[in-house]
Amino acid sequence: GLIGLPLACLIMPGAKGQKFNPSPFLFASAFAGYGSMGIFMSTRKPVVSVKEEDLGWFTKNVLENKIFNWALFAVLANAYVITGAGEQLLTNAGGTFVEFKNMIGGSALGSATTV
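A brief structural summary. What you see is a predicted model; the values in this text were computed from it and never measured.

**Some details on the pattern of salt bridges**
Summed over the entire model, instances satisfying the criterion amount to one salt bridge. Taking the shortest distance from any N to any O, the salt bridge between Lys16 and Asp54 comes out at 4.0 Å. Separated by 38 residues along the polypeptide, Lys16 in the loop between helix H1 (4-11) and helix H2 (23-32) and Asp54 in the loop between helix H3 (38-43) and helix H4 (57-63) bring together distant segments of the chain. Judged by relative accessible area, Lys16 falls into the exposed class, the value being 61%.

**So, a nonpolar patch on the surface**
There is a patch of nonpolar side chains on the surface, built from Tyr80, Leu89, Phe97, Phe100 and Met103 and spanning about 500 Å² of accessible area. With three residues, the top contributor of residues to the nonpolar patch is helix H7 (residues 93-105). A residue is classified by how much of its surface remains accessible, and Phe100, at 37% relative accessible area, is partly exposed.

**So, the packing of aromatic side chains**
In this description, a pair of aromatic rings is defined by centroid distance and the angle of the planes. Scanning the model with the defined rule gives three aromatic pairs in all. Look at Phe20 and Phe25: their rings are 6.0 Å apart centre to centre, the planes differ by 65°, and that puts the pair in the edge-to-face class. Ring geometry for Trp70 and Phe73: centres 5.7 Å apart, planes at 85°, overall edge-to-face. Taken as a pair, Trp70 and Phe73 lie in helix H5 (residues 66-83) at a separation of three residues, close to a single helical turn. We classify Phe73 as exposed; its relative accessible area is 51%. Among the aromatic residues, those joined into a ring-pair cluster are Phe20, Phe25 and Phe40.

**So, the nonpolar core**
Generally speaking, a soluble globular protein has its nonpolar side chains buried in company with each other. Of all hydrophobic cores here, the largest spans 12 residues; its members are Leu7, Ala8, Cys9, Ile11, Met12, Ala15, Phe25, Leu26, Met37, Phe40, Leu63 and Leu72. Of all the secondary structure elements, the ones that give two or more residues to this core are H1 and H2. Element by element, the count of residues in this core is highest for H1, at four residues. Dropping the residues within four chain positions of it, Leu63 is found in contact with Ala8, Cys9, Met12, Phe58, Phe68 and Asn69.

**Some details on H2**
By the burial criterion, the buried members of H2 are Phe25, Leu26 and Ser29. Along the long axis of H2, the arc covered by the buried residues comes to 100°, so they all point the same way. With respect to the buried face of H2, the exposed residues turned more than 90 degrees away are Pro24, Phe27, Phe31 and Ala32. Tucked inside the fold, the buried residues of H2 contact H1 and H3. Directly after H2, the chain includes Gly33, whose backbone phi takes a positive value near 95°.

The rules behind these values
- Each chain carries its own residue numbering, running from 1 in the written order of its sequence.
- Local features in this predicted model are restricted to residues whose pLDDT is 70 or higher, and side-chain atom pairs enter the listing and the counts only when it is 80 or higher, whereas totals over whole chains, interfaces and linings include all residues.
- Each side-chain value is derived from all of the structure's non-hydrogen atoms; neither hydrogens nor water enter the calculation.
- By definition, a salt bridge exists where a carboxyl oxygen of Asp or Glu is found within 4 Å of a side-chain nitrogen of Lys or Arg.
- Numbering of helices and strands runs from the N terminus; a helix is a DSSP stretch of H or I covering at least four residues, while a strand is a stretch of E covering at least two.
- Residue burial is assigned from relative accessible area. The probe radius is 1.4 Å, only protein chains are included, and a residue is buried under 20% of its type maximum, exposed over 50%, and partly exposed in between.
- Note on patches: the residues involved have over 30% relative accessible area and no salt bridge, like charges join within 9 Å, and the nonpolar side chains Val, Leu, Ile, Met, Phe, Trp and Tyr join within 5 Å.
- Per-residue and other accessible areas follow the Shrake-Rupley method at a 1.4 Å probe size, with only the shown protein chains counted as cover for residues.
- When two rings of Phe, Tyr or Trp (its six-membered ring) have centres within 6.5 Å they constitute a pair, described as stacked for plane angles under 30 degrees, edge-to-face for angles over 60, and tilted for the intermediate range.
- Residues enter a nonpolar core if they are buried and are Ala, Val, Leu, Ile, Met, Phe, Trp, Tyr or Cys, with the set joined through side-chain atoms within 4.5 Å.
- Two residues form a contact once any of their heavy atoms are found within 4.5 Å.
- In this context, the arc is that of the directions from the helix axis out to the C-beta atoms.

Dropping the structure here:
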């Protein structure tokens, strides 16, 4: 559910002039995961530099706001804390990576979501 927010921070500044509006794809990625970004990302033209006047209000005042970015980082980092993944990585990194390898090897979904 949170994948759409970091993607929005990266994609929206360069959204002007793209073939498709990224907003519907970003909303879909919040509900359906990263795979819903496929059509947009396959048609996206790289944007090397963006001027501040090219940014929309939401992008300029929310997505490019350092407070929002740090809050988003805290929320995403908290996911590792509340799931116990962070503790497992610190206390048993080898075993955690073995379990991760087994999950990827035994499931097409696991393999697809980690690419």
